[in-house]
Amino acid sequence: MADTVASTSSAVEVPAARSTSSPKWRLPVDGSIVFIYALVLVVGVGAAIYSERFRDPANLTNVLRQTIVLGLLSIGQSLVILAGGIDMSIALIGRLSTLIVAASFGGRDALILPLIALGVAIGALLGAVNGLIITRVYASPFIVTFGMFSILSGISLAIASGPVGTIPPPYLNMYDATIGSIPISVVVMALIWFAAWLLTSRTQFGRALYAVGGSQRVARLSAVPVSRTLVIAYVLSGVCGAAGGLFILARTGVGDPKMADGLEFQSIVAVALGGISLSGGRGSVLGTLGGVLLLGVVANIFNILQVDSFFQQLILGLIVLITVATYRTSKAST
Amino acid sequence: MIEPASEPGAAHECVLRLHAVAKAFSGIQALAGVSFDLQRGEVHALVGENGAGKSTLIKIVAGAYVPDSGTIEVDGQQHAALEPDQARQLGIGVVYQEFNLLPELSVAENIFLGAQPTGRFGLLDSAERRRRTLALLDRLGAHVDPDRLVKYLTVGEQQIVEIAKALAVNARILIMDEPSAVLPSHDMDRLYAVIRTLRASGASIVYISHRLEEIFLIADRVTVLKDGRSVMTRPVSEVSRTELVNSMVGRELKEQYPKPDAQPGETLLAVRNLFVDGCVFDVSLDVRAGEILGLAGLGGSGRTTLARALVGLARIDSGDLRIRGKSAPRNPAQAARTGAVLIPEDRKSHGLILSHSLRFNISLPNLSRLVRAGLVLLRGAETPLVQHWTQRLQIRPPGGDVLVENLSGGNQQKVVLAKWLAAEPRLIVLDEPTRGVDVGAKAEIYVRMRELARQGAGIVMISSELPELLGMSDRIIVFHEGRVSGELPRVEATEQAVMHLATTAPVAA
């Protein structure tokens, strides 16, 4: 024993740097972001080669415009999921606030700005209710927001059983207006994505989101206002939901009591595809953008190829499972 | 220092022998040739600084890692590597620091989780399970109700369940990774008793610890690891504490505790007749700038509750608490604004967001100072702050983007210190600041504490390690069951005096 090379004069400085259990450390760039964009690229290029209709520039801008609604909801969903929560009511918040707005229009141009403000305010209010219940009662975010989902779908049915509202034509410009051949809405959405990235990665609130999602206890001890951060996240999620609904209204021109159906699940799927951990605290909204683009491209291809809805569901499910399995195994191996 | 293998006669049977085991991870040599042997019925202590290779060694023996070279010999059989199942079959059991118990299951269910005794028709035989559990616990000389749910057990009892779980699959070689680090001090004697019982029954134990005192108490031999090599193996009766420390650090650690040198200044903390959350009763104390106040007491004596109250984490029932003249903070954020921070005991669950970078963790409590126009200034403010503190506390590796979960324990603790010291607090409450930290990092933390006091901070230090408390504190206040049982100035503070006060109820005033 102890016949190994031993020397007391070795290294005066203690190289306590490495951890013996896992000496590798990961690059700051998350592999999942690279993966999701690679996937978007592969699917997109593949579709462009295969289908003439897909690679038509008009179709491509259309794909971008079609991702706006899901994009808005997915940004909101990203914020709450990063903070360790989930918002099952986000699509219904969009539906209810939009139905109220649609029903109040009566074709009056002058009401456009006030009613947009009203819609957003309703979204914020409902989000705040979610956030306050979750933080005050320490209730499970899934149950609370699912309860909200159920309540809001009931109220929506009470407000409208068929299409409602007369929308003034200028409102529809939100969807239709273009600069050259680029829809203004796409440009605005790009700015919103940038703002979302800035908000999550470079502001005090953004850091707080990650901290709260990582560990509420550590965050609280680290002087992070945990409850306030959570409430703001749900408020923003509500605002995103309302914004998504208002944009649907600009596309369809009528308050549809079935609108935004299932979008809460789609937004969660987009978030998961983008590599944000559903248990909170890690990932990036840039990944979510990748997830939204992937879903948008795939939906467009399905549409062009007239894929049977049975296969649509099947393929989507496979994409989700494969992607998430890839993330899990790559995480487990590091 | 190089010692020939000293086996007193062939009567001792070697159950485990590692020969020149090496292992590298992506170019970093975690183990550079470790030789180690374990006799039947021996407690063999394994010591070394964080990052010396102890965890890697355990994982190789447990079959979690495949060594790059060297051999593992179990009961005379040579292996190049072990599979986890194989290690278990060979009778190797590991009790990790983090327990692997299911809180909602009973003691007996946990112990036999992997190999449930079954009766006819393959149904679980809970009577048999209960009987075997009692037999196992009896063998350990411990008394835990087999039907109790694990979540209701104390940490010490949970540890015994972990040990029993290893024994349930016939472990004869038990590796214990810092078992005492998680225990409150009054549970340690029971752990030592269990270890002695096991040794007497012929089991062999590898005992990893940072507490040198206990090695002299329970180990037969000690092996020191340094930089992935075994640098010495000796019977503990032939080695002194100083020798042990020097060979771990590779240099002479002269003055372990820096001397107090500041004159106490203004009063930073004034506590009067404070009652907290049904755990702390009628406590009055002051902390002044430039001094280190030690809080002594047994586990559960109310020290941690008081510390939590200081930053607004525990409910104050009555009494007065003022920090720099301001009334008691309602939450840690408010406390931080008045300049008071709590550096918590459990760095993994209270101190750090492990899945995030050093940069993220250090700037978290300091963000308001790093923000301009709503945005965190990366190069302008955050990077310099992080660099300054990683350099000042010599955190390795120094890059700000390393994930904290990949740092060694000592460096993690330094990150916890850094994130709070960067806030330039005036009143610093440290709860067990050196738990699970190696000797080298400990000495560094002591120097920083003294430096902070000299710069005018008031420090409250909670520690279960009496030598450290005595060495660092200017004054010691002793707690007994939630009340102050006495105060000792530095010159009067001895282990005996502190323990006497810690175990006696205060005289009613």
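Note that the coordinates shown come from a computational prediction; the quantities given were computed from them, not determined experimentally.

**What about the overall build of chain A?**
Right, on to step 1. Assigned secondary structure in chain A consists of 14 helices and 2 strands.
Right, on to step 2. For chain A, with 334 residues in total, the buried portion stands at 48%.
Right, on to step 3. Counting only contacts in chain A whose residues sit at least 6 apart along the sequence, the fraction spanning at least 24 positions is 79%.

**Considering the overall build of chain B**
Right, on to step 1. When helices and strands are counted, chain B shows 18 helices and 22 strands.
Right, on to step 2. A compact globule built from 509 residues would reach a C-alpha radius of gyration of about 23 Å, and chain B, at 24 Å, matches this within 12%.
Right, on to step 3. Projected onto its principal axes, the C-alpha positions of chain B cover 70 × 50 × 50 Å.
Right, on to step 4. Residues classed as buried in chain B amount to 51% of the 509 residues present.
Right, on to step 5. Taking as baseline every contact in chain B between residues at least 6 positions apart, the subset at least 24 positions apart corresponds to 68%.

**Re the nonpolar core**
Right, on to step 1. With 243 residues, the main nonpolar core has Ala164, Leu174, Tyr207, Val341, Val429, Ile459 and Met461 of chain B as its most contacted residues.
Right, on to step 2. Of the residues forming this core, the biggest block, 15 residues, is contributed by helix α11 (residues 226-252) of chain A.
Right, on to step 3. Excluding residues within four positions of it along the chain, Val429 of chain B makes contact with Ala307, Leu310, Val311, Val341, Leu342, Ile343 and Val460 of chain B.

**Observations regarding the packing of helix α7 (residues 169-176) of chain A against α11 of chain A**
Residue and element names in this part refer to chain A.
Right, on to step 1. Contact geometry for α7 and α11: axes closest at 7 Å, N-to-C directions at 105°. In terms of their interaxial angle, α7 and α11 are classed as roughly perpendicular. For the pair α7 and α11, the contacting residues are Tyr171, Leu172, Met174 and Tyr175 in the first and Phe247, Ala250 and Arg251 in the second.
Right, on to step 2. Residues belonging to the contact of α7 with α11 are distributed by class as follows: 6 nonpolar, no polar and 1 charged.

**Considering helix α3 (residues 57-82) of chain A**
Quick reminder: α-helices carry 3.6 residues per turn. Residues three or four places apart thus point the same way.
Right, on to step 1. For α3 of chain A, spanning 26 residues, the distance from its first C-alpha to its last is 35 Å, which sits close to the expected 38 Å at 1.5 Å a residue.
Right, on to step 2. One or two residues past the end of α3 of chain A sits Gly84 of chain A, with phi positive at roughly 90°.

**Quick notes on the domain arrangement of chain B**
Right, on to step 1. You can read the domains of chain B as domain 1 (13-91 + 203-252), domain 2 (255-339 + 425-509) and domain 3 (349-423).
Right, on to step 2. In this structure, domain 1 of chain B and domain 3 of chain B have C-alpha centres spaced 33 Å apart.

**So, the sheet that holds strand β9 (residues 221-226) of chain B**
Note on sheets: strands pair through backbone hydrogen bonds, and any given pair is parallel or antiparallel.
All names here are of chain B.
Right, on to step 1. As summarised here, the arrangement of the 6 strands in space is β6-β7-β8-β3-β9-β10, forming an open sheet in which the pairing is mixed. Because the sheet does not close on itself, it has two edges, and the strands there are β6 (92-95) and β10 (229-235). Put simply, the sheet's adjacent strands are angled 20° from each other on average, direction ignored.
Right, on to step 2. Contacts between helix α5 (residues 155-168) and the sheet are confined to β6 and β7 (173-177), with β6 contributing the most and set at about 165° to the helix.

**Some remarks on the sheet that holds strand β12 (residues 280-288) of chain B**
All names here are of chain B.
Right, on to step 1. Taken in spatial order, the 4 strands of this open sheet run β12-β11-β14-β15, and their pairing is antiparallel. Both edges of this open sheet fall to β12 and β15 (326-327), since each of them pairs with a single strand only.
Right, on to step 2. Bridge count between strand β14 (residues 316-323) and β15: 2 bridges; the pairing is antiparallel. Following the sheet pairing, Ile323 is matched in β15 by Lys326.

**Quick notes on the environment of Leu488 of chain B**
Residues and elements named next belong to chain B.
Right, on to step 1. Mapped onto the elements, Leu488 comes out in strand β22 (residues 483-489).
Right, on to step 2. The exposure class assigned to Leu488 is partly exposed, which follows from the 19 C-beta atoms found within 10 Å.
Right, on to step 3. What Leu488 contacts, discounting residues up to four positions off in sequence, is Arg475, Ile476, Val478, Ala493, Ala497 and Val498.

**Topic: the confidence of the model for chain A**
Right, on to step 1. Confidence in the prediction for chain A averages 87 pLDDT; 89% of positions are at 70 or higher.
Right, on to step 2. Predicted confidence for residues 1-29 of chain A stays below pLDDT 50, and this span has 83 contacts to residues more than four positions away or in other chains.

**Brief notes about the packing of helix α12 (residues 263-273) of chain A against helix α13 (residues 285-305) of chain A**
Residues and elements named next belong to chain A.
Right, on to step 1. Between α12 and α13, whose axes approach to 7 Å, the crossing angle comes to 120°. One way to sum up the angle between α12 and α13 is to call them oblique. In this structure, the crossing between α12 and α13 has a hand that is right-handed. Here Gln266, Val269, Ala270, Val271 and Leu273 of α12 come into contact with α13, specifically with Thr288, Gly291, Val292, Leu294 and Leu295.
Right, on to step 2. Residue classes in the contact of α12 with α13 are distributed as 7 nonpolar, 3 polar and no charged.

**Section: unusual backbone geometry**
Residues and elements named next belong to chain B.
Right, on to step 1. In this model, Ala20 sits at a positive phi of 45°, which is unusual for a non-glycine residue.
Right, on to step 2. Positionally, Ala20 belongs in strand β1 (residues 14-25).
Right, on to step 3. Of the residues examined, Ala20 has 17 C-beta atoms within 10 Å and is grouped as partly exposed.

Rules of the game
- Residues numbered from 1 in each chain as written.
- Chains lettered and ligands numbered in written order.
- Predicted model: local features only at pLDDT ≥ 70, side-chain atom pairs only at ≥ 80, totals over all residues.
- Helix = DSSP H or I, 4+ residues; strand = E, 2+ residues; numbered from the N terminus.
- Buried ≥ 20, exposed ≤ 12 C-beta atoms within 10 Å, placed from the backbone.
- Contact = placed C-beta atoms within 7 Å.
- Rg over C-alpha atoms; globule rule 2.2 N^0.38 Å.
- Core = buried A, V, L, I, M, F, W, Y, C linked by C-beta atoms within 7 Å.
- Axes fitted to C-alpha atoms, helices over the stretch in contact; angles between N-to-C directions.
- Parallel < 35°, antiparallel > 145°, perpendicular 65-115°, else oblique.
- Nonpolar A, V, L, I, M, F, W, Y, C, P; charged D, E, K, R; others polar.
- Expected span 1.5 Å × (residues − 1).
- Domains from an automatic or database assignment.
- Pairing = 2+ DSSP bridges.
- pLDDT = per-residue confidence, 0-100.
- Left-handed = near helix turned anticlockwise from the far one by under 90°.

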